[in-house]
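Survey of secondary and tertiary structure
Take a look at the letters that make up each chain.
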Amino acid sequence: AQSVTQLDSHVSVSEGTPVLLRCNYSSSYSPSLFWYVQHPNKGLQLLLKYTSAATLVKGINGFEAEFRKSETSFHLTKPSAHMSDAAEYFCVVRDSGTYKYIFGTGTRLKVLA
Amino acid sequence: TAGITQAPTSQILAAGRSMTLRCTQDMRHNAMYWYRQDLGLGLRLIHYSNTAGTTGKGEVPDGYSVSRANTDDFPLTLASAVPSQTSVYFCASSDLAGVADTQYFGPGTRLTVL
């Protein structure tokens, strides 16, 4: 069965410092992996997705994630946090054998001035 | 394009009453989904539909029903609402043309059951 674990429910960083949001997955088949962002009282927006073409995936707003099969991880990073990055972030996995997307419980990112 | 629209934006509902949350997409996506979002639990799948005329149960289907009469619409019905169904509900769609299909989300419906 597929599952997703987001290792931190809350992360706080200072503006201008790096961001690391951790995600581990479990999948029986070749997974598709996604990161979504949700700003307060808004819907979900796709940040990036892993399509098996390249292990390092670049997304919008300077975010990127690296697929590491041996570690079953898909951590989200950004070199320099901006105040506008404060939001909740969701890691999502989908097995190639199903049509269902499994969401992690989310990581709330706080950016300090 | 509008993408996915949901109605209403928010609703307060008395326990025991019925309600239908509406979802419409204009992207001609074959798959549609309903999720509920609760604090600390992320998004949980209620029901899904891979194509018009078919539906399936997700992780938390009890107390909810759906129909998919056409490609664009995917209403979610609560037959007899209970307070535990207080949540934010998101509708989503995807194309299912390949493995890494992006889900597109509506703006959500905030439902309070008293």
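Here's what I pulled together on the structure shown here.

Here we take up the interface of chain A and chain B. Much of the literature gives interface size as the accessible area that the parts lose upon coming together. At the junction of the two partners, chain A supplies 21 residues and chain B supplies 24 residues. Buried surface at the junction of chain A and chain B, both sides included, amounts to about 1,800 Å², of which 57% is carbon and sulfur. Summed over the three residues of chain A that lose the most area to chain B, namely Tyr-99, Tyr-101 and Phe-103 of chain A, the buried surface amounts to 31% of that side. Inspection of the region where chain A meets chain B yields 0 salt bridges. Between the two partners, chain A and chain B, sit 4 residue pairs in polar contact (both at pLDDT 80 or more).

On to the packing of aromatic side chains, then. Residue and element names in this part refer to chain A. Overall, the coordinates contain 15 aromatic pairs over all chains when judged by the stated rule. Measuring from ring centre to ring centre gives 4.1 Å for Tyr-50 and Phe-67, while their planes differ by 20°; the resulting arrangement is stacked. In this pair, Tyr-50 is assigned in strand S6 (residues 44-50) and Phe-67 in strand S8 (residues 64-68), connecting sequence segments 17 residues apart. Looking at Tyr-50, the relative accessible area reads 8%, which means it is buried.

Residues and elements named next belong to chain B. With antiparallel pairing, 4 strands are arranged side by side in an open sheet as S1-S3-S8-S7. Of all strands in the sheet, those with a lone pairing partner are strand S1 (4-7) and strand S7 (64-66), marking the two edges. Strand-to-strand twist in this sheet, taken as the mean axis angle between neighbours without regard to direction, amounts to 20°. One ladder, built from 3 bridges, connects S7 with strand S8 (residues 76-78); its direction is antiparallel. In the sheet register, Tyr-64 faces S8, and the bridge partner there is Leu-78.

Once that is clear, we can look at unusual backbone geometry. Residue and element names in this part refer to chain B. Note the cis peptide between Ala-7 and Pro-8, where omega equals -5°. Locating Pro-8 in the fold gives a position in the loop between S1 and strand S2 (10-13). If you check the backbone angles, Arg-28 has positive phi at about 60° while not being a glycine. Summarising the element assignment, Arg-28 is placed in the loop between strand S3 (19-25) and strand S4 (31-38).

Another aspect to go through is the pairing of strand S12 (residues 107-112) of chain A. All names here are of chain A. Residues Thr-107, Leu-109 and Val-111 point to one face of S12 and are all buried, whereas Arg-108, Lys-110 and Leu-112, pointing to the other face, are not buried. Sheet topology note: the strand S2 (residues 10-14)/S12 ladder contains 5 bridges and is parallel. Residue pairing across strands places Val-13 opposite Val-111, the latter belonging to S12.

Right, let's talk about the state of the cysteines for a bit. Residues and elements named next belong to chain A. According to the stated counting rule, one finds 2 disulfides over all chains in the structure shown. Here Cys-23 connects covalently by a disulfide to Cys-91, the sulfurs 2.0 Å from one another. Because the torsion about its S-S bond is -65°, the bridge between Cys-23 and Cys-91 counts as left-handed. Residue Cys-23 is found in strand S4 (residues 23-26), and its partner Cys-91 is found in strand S10 (residues 87-95); the two are separated by 68 residues along the sequence. Owing to a relative accessible area of 0%, Cys-23 belongs among the buried residues under this scheme.

What counts, and at which threshold
- Residues numbered from 1 in each chain as written.
- Chains lettered and ligands numbered in written order.
- Predicted model: local features only at pLDDT ≥ 70, side-chain atom pairs only at ≥ 80, totals over all residues.
- Heavy atoms only, no water.
- Contact = heavy atoms within 4.5 Å.
- Buried area = accessible area lost by both parts, 1.4 Å probe.
- Salt bridge = Lys/Arg side-chain N within 4 Å of Asp/Glu carboxyl O.
- Polar contact = N/O pair within 3.5 Å; in protein donor to acceptor, adjacent residues only side chain to side chain.
- Phe/Tyr/Trp six-rings, centres within 6.5 Å; stacked < 30°, edge-to-face > 60°.
- Helix = DSSP H or I, 4+ residues; strand = E, 2+ residues; numbered from the N terminus.
- Buried < 20%, exposed > 50% of the residue type's maximum accessible area, 1.4 Å probe, protein only.
- Pairing = 2+ DSSP bridges.
- Axes fitted to C-alpha atoms, helices over the stretch in contact; angles between N-to-C directions.
- Disulfide = S-S within 2.5 Å.

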